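Single-letter residue listing:
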Amino acid sequence: MVDRYRSVEEFLAAQPAERLPVIEALRQLVHEADPGAREHIKWNSPSYVVDGVDQATISAQGKDGVRLVLHRGATTTEDRAAASAFAGDPHGLLTWHSDIRASLLISDLADLAGKRDAAVDVVRAWLAPAGPVAARA
């Protein structure tokens, strides 16, 4: 059974030592992309709120690395068959899961180092107030 974390600190304390540096690097990346993003626990993982909407969540459960999931929270209708109108990923770093949800997979710190600047730009574009919402309007 998965523990229910009450805080980001509790989540971090429960992570395997080999994953923790990647998780911390993704936390730093999100804060660099948007210093005003508020971090809390949602969906039992660190999640980031901008303009009152959860817009990014760190998923550390996968076997192939840690993912930063970019999304539009739990109240926006999602169409898994539709393509996204998001134009903020010119390097193709994201894997799309629906029109409003994508993920950035980081296998280790070397992987992140190779795409860090582009990843910050993608996350900054996603979290921008006029980002994906305006692109879909």
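Residues numbered from 1 in each chain as written. Predicted model: local features only at pLDDT ≥ 70, side-chain atom pairs only at ≥ 80, totals over all residues. Heavy atoms only, no water.

Q: Talk me through helix α3 (residues 109-127); I want residue IDs and the actual numbers.
A: For α3, which comprises 19 residues, the first-to-last C-alpha distance of 23 Å sits more than 12% below the rise-based estimate of 27 Å (1.5 Å per residue). Helix geometry: α3 is bent most strongly at Lys 115, by close to 70°. Along α3, the residues classified as buried are Leu 112, Lys 115, Ala 118, Ala 119, Val 120, Val 122, Val 123, Trp 126 and Leu 127. Two to three positions downstream of the cap, the backbone nitrogen of Ala 110 sits 3.1 Å from a side-chain oxygen, assigning the N-cap of α3 to Asp 108. (Helix = DSSP H or I, 4+ residues; strand = E, 2+ residues; numbered from the N terminus. Expected span 1.5 Å × (residues − 1). Bend = angle between axes of the 7 residues up to and from the residue. Buried < 20%, exposed > 50% of the residue type's maximum accessible area, 1.4 Å probe, protein only. Polar contact = N/O pair within 3.5 Å; in protein donor to acceptor, adjacent residues only side chain to side chain.)

Q: I'd like to hear about the packing of aromatic side chains, residue by residue, with values.
A: All told, the structure shown has four aromatic pairs when counted by the stated rule. When the ring of Tyr 5 is compared with that of Phe 11, the centres are 5.4 Å apart and the planes differ by 90°; the resulting orientation is edge-to-face. Judged by relative accessible area, which is 16%, Tyr 5 ranks as buried. For the ring pair Phe 86 and Trp 126, a centre distance of 5.2 Å and an interplane angle of 75° mean the geometry is edge-to-face. You can see Phe 86 sitting in the loop between β4 (66-70) and β5 (95-96) and its partner Trp 126 sitting in helix α3, a full 40 residues away along the chain. Judged by relative accessible area, Phe 86 falls into the buried class, the value being 13%. Linked through ring pairs, Phe 86, Trp 96 and Trp 126 together constitute an aromatic cluster. The residue whose ring lies beneath Lys 42 is Trp 43, and the NZ or CZ to ring-centre distance is 5.1 Å. (Phe/Tyr/Trp six-rings, centres within 6.5 Å; stacked < 30°, edge-to-face > 60°. Lys NZ or Arg CZ within 6 Å of the ring centre and 35° of its normal.)

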